[in-house]
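Structural overview
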Amino acid sequence: MTAQQAFESYHESVFRFVYRLTRRVDTAEDITQECFLAFLRAPERWDQARGSIRTYLFSIARNLALKYYRDNQAGMQLDDDQFSRVIDLRSGQELASVVEQAVSALPDLQKEALVLFEYEGFTLEEIASVVGTDIGTVKSRLHRARERLKRTLAPYRKVGNLHGTV
Amino acid sequence: MEPFDNEELSDRELNGILREWQAPPTPTRLGKCIFAERHKPWWRRIWTTSIRVPVPVAACLVLLFLLSVRQRQAPAPPRVVVKTERVEIPVVTERVVTKLVYRERPAATFYGLQPVAELRPRIIRSGNAPN
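What comes next is a walk through the structure. Computed from a predicted model, the values in this text were never measured in an experiment. Residues take numbers from 1 onward in each chain, read along the sequence in its written order. Labels follow written order: the first chain is A, the first ligand is 1, and so on. Thresholds applied to this predicted model are a pLDDT of at least 70 for local features of residues and 80 or more for the giving and counting of side-chain atom pairs; totals over whole chains, interfaces and linings are not thresholded and use all residues. Processing note: side-chain calculations cover all non-hydrogen atoms of the structure and skip hydrogens and water entirely.

1. Let's talk about the nonpolar core
One finds Val14, Leu57, Val99, Val103, Leu149 and Leu153 of chain A to be the most contacted residues of the largest nonpolar core, which totals 59 residues. Secondary structure counts use DSSP, requiring at least four H or I residues in a row for a helix and at least two E residues in a row for a strand, with both numbered from the N terminus. The dominant element in this core, judged by the number of residues it contributes, is helix α3 (residues 53–71) of chain A, at 10 residues. The residues contacting valine 99 of chain A, other than those within four sequence positions of it, are Tyr119 and Leu153 of chain A together with Ile17, Leu18, Glu20 and Trp21 of chain B. Definition used in this section: a nonpolar core is a set of buried Ala, Val, Leu, Ile, Met, Phe, Trp, Tyr and Cys residues joined via side-chain atoms within 4.5 Å. Working definition: with a 1.4 Å probe on protein chains only, accessible area under 20% of the residue-type maximum means buried, over 50% means exposed, and in between means partly exposed. Working rule for contacts: check all heavy atoms of both residues, and any pair within 4.5 Å makes them a contact.

2. Some details on the environment of leucine 109 of chain A
Residues and elements named next belong to chain A. Relative to the helices and strands, leucine 109 resides in helix α6 (residues 108–119). Overall, the relative accessible area of 35% leaves leucine 109 in the partly exposed class. In the structure, leucine 109 is positioned 29 residues away from valine 138 in sequence and 8.9 Å away in space, judged by C-alpha atoms. Leaving out residues up to four positions away in the same chain, leucine 109 has contacts with Arg62 and Arg141.

3. With respect to the layout of surface pockets
Definitions used throughout: a 1 Å grid over protein atoms alone; a cavity as a set of points that fits a 1.4 Å probe which cannot get out; a pocket as an open set with protein on both sides within 12 Å along at least five of seven lines; a lining residue as one with an atom within 4 Å of a point. Grid points are joined across faces, edges and corners, and a volume is the space filled by probe spheres set on the points. Each pocket or cavity is described by its volume, and for the largest pocket that value is around 760 Å³. Lining of the largest pocket is provided by 21 residues; of these, Glu34, Leu37 and Arg41 of chain A together with Ser50 and Arg52 of chain B occupy positions nearest its centre. Every element with two or more residues in the lining of the largest pocket is listed here: α2 (25–41) and α3 of chain A together with α2 (29–39) and α3 (42–48) of chain B. When residues in the lining of the largest pocket are grouped by element, the largest group, eight residues, is from α2 of chain A. Only Asp, Glu, Lys and Arg are considered charged, only Ala, Val, Leu, Ile, Met, Phe, Trp, Tyr, Cys and Pro nonpolar, and every remaining residue, Gly among them, polar. By residue class, the composition of the lining of the largest pocket is six nonpolar, six polar and nine charged.

4. Re α6 of chain A
An expected span of 1.5 Å times one less than the residue number is assigned to each helix. Between the first and last C-alpha of α6 of chain A there are 16 Å, a value that for 12 residues agrees with the 16 Å anticipated at 1.5 Å per step. Among the residues of α6 of chain A, those classed as buried are Gln110, Lys111, Glu112, Ala113, Leu114, Val115, Leu116 and Tyr119 of chain A.

5. Re the pattern of salt bridges
All names here are of chain A. Here a salt bridge means any side-chain nitrogen of Lys or Arg lying within 4 Å of a carboxyl oxygen belonging to Asp or Glu. By the definition in use, this model includes 15 salt bridges over all chains. Between glutamate 120 and arginine 16 there is a salt bridge, with the nearest N and O atoms lying 3.0 Å from each other. Separated by 104 residues along the polypeptide, glutamate 120 in the loop between α6 and α7 (124–131) and arginine 16 in helix α1 (residues 3–22) bring together distant segments of the chain. Taking the relative accessible area as the measure of exposure, glutamate 120 reaches 10% and is therefore buried.

6. Remarks on the packing of aromatic side chains
When two rings of Phe, Tyr or Trp (its six-membered ring) have centres within 6.5 Å they constitute a pair, described as stacked for plane angles under 30 degrees, edge-to-face for angles over 60, and tilted for the intermediate range. Going through the model one piece at a time under the given rule, you end up with six aromatic pairs over all chains. Arranged with centres 6.5 Å apart and planes meeting at 50 degrees, the rings of tyrosine 19 of chain A and tryptophan 21 of chain B form a pair that is tilted. Here tyrosine 19 of chain A is found in helix α1, whereas its partner tryptophan 21 of chain B is found in the loop between α1 (11–18) and α2 on a different chain. You can call tyrosine 19 of chain A buried: its relative accessible area is 11%. Residue classification places tryptophan 21 of chain B among the buried positions, given a relative accessible area of 2%.

In structure tokens form, the structure reads like this:
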């Protein structure tokens, strides 16, 4: 697969993944661009035996996003405070925004596992390959993330076409 | 407004709610940026390429640069010209005196002294003495 083909196939999903981790369009754009440029500069680093090109690209994007977290630690803490305020004042919040806040409030490792599994359709093996850990750890992170979201989002349960906070 | 129910969501309900959050569309300029960068001639890429330099290394480089600039601005020390010239200096020649010095002087003894057979005394008068 050429770099152009890889870009055509995966740039949208990489962008979505990074956006869901960082919640910033400009940052997601920068990281996606950096991810594909890294692949273009050294395509020989991709070892087909170790995983698909998709998991390879996502692992680059994930490392860049983690670096972004480290560089913007104060900003991430601020987001957590924002989240607790949003939960308290939940009336009038759009459900999409509430879900976004709830997912963002998850610990980073749980969040990336949840985003890859729920939104990008990765298997547990693929997630383990992207984040560089074993399947059991991924399963545990995913379970804890889902349990936390079930509690956090319980007030927003859908009843027919209505949500819990109308 | 109060929520209808605060019990935990089921898996199916959670999946439904999670789908509410949609990511924004990918910016169209993304691909252009990446591949335009790649197809730029090398001399244009030089002006936009950046490299990461650790702060201590950058500080050392700046310091070296400042030192080299300062050294260039400092006045150069005067050049030393080495010139060889022959000069005659009068030298006082000293006379060498040889003196025999006994390291161990033999002690004076009367060993081997023989008494004279006939004593002939001779009186020598001094010039000022009365006759």
